[in-house]
Amino acid sequence: MKVELECIAKLAQSGDCRFTETTSYKLAEGQTAADLAGLAMLSLQDIETVIVNNTIASADTVLSDGDRVELVPALDPG
């Protein structure tokens, strides 16, 4: 199955994830948003919010073909 990934703010600076456009990933059935983050070489510790198809989700959310995933980092307190 194919999903689209977009990273927000500082997450777009690391791994294989862009901000201005999505990156396509092929996943096996049953894989989660956490699996997708790993494929993009991103640490779950750096991710505050997972959004799947414009709905807040969790890293354990099982993804489906055609899903659009956005990963949002924690805001810097500074």
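Our subject is the structure that appears above.
Here is a short report on the structure shown in this document.

Conventions and cut-offs
- Residues numbered from 1 in each chain as written.
- Predicted model: local features only at pLDDT ≥ 70, side-chain atom pairs only at ≥ 80, totals over all residues.
- Heavy atoms only, no water.
- Salt bridge = Lys/Arg side-chain N within 4 Å of Asp/Glu carboxyl O.
- Helix = DSSP H or I, 4+ residues; strand = E, 2+ residues; numbered from the N terminus.
- Buried < 20%, exposed > 50% of the residue type's maximum accessible area, 1.4 Å probe, protein only.
- Contact = heavy atoms within 4.5 Å.

**A look at the pattern of salt bridges**
Here comes step 1: Taken as a whole and assessed by the stated rule, the structure comprises 2 salt bridges.
Here comes step 2: A salt bridge links Glu4 to Lys2; the nearest nitrogen and oxygen atoms lie 3.8 Å apart.
Here comes step 3: Glu6 serves as the salt-bridge partner of Arg68, at 2.3 Å between the closest nitrogen and oxygen. One end of the pair, Arg68, is in strand β5 (residues 68-73); the other, Glu6, is in strand β1 (residues 2-7), and 62 residues separate them in sequence.
Here comes step 4: Accessibility expressed as a relative area gives 35% for Arg68, which makes it partly exposed.

**Quick look at unusual backbone geometry**
Here comes step 1: A positive phi is found at Met41, a non-glycine position, where the angle reads about 60°.
Here comes step 2: One non-glycine residue with positive phi stands out, namely Asn54, at about 70°.
Here comes step 3: Tracing the sequence through the fold places Asn54 in the loop between β3 (47-52) and β4 (55-57).

**Examining the side chain of Glu4**
Here comes step 1: By secondary structure assignment, the location of Glu4 is in strand β1.
Here comes step 2: Leave out the neighbours within four places in its chain, and Glu4 touches Thr22, Thr23, Ser24, Asp67, Arg68 and Val69.

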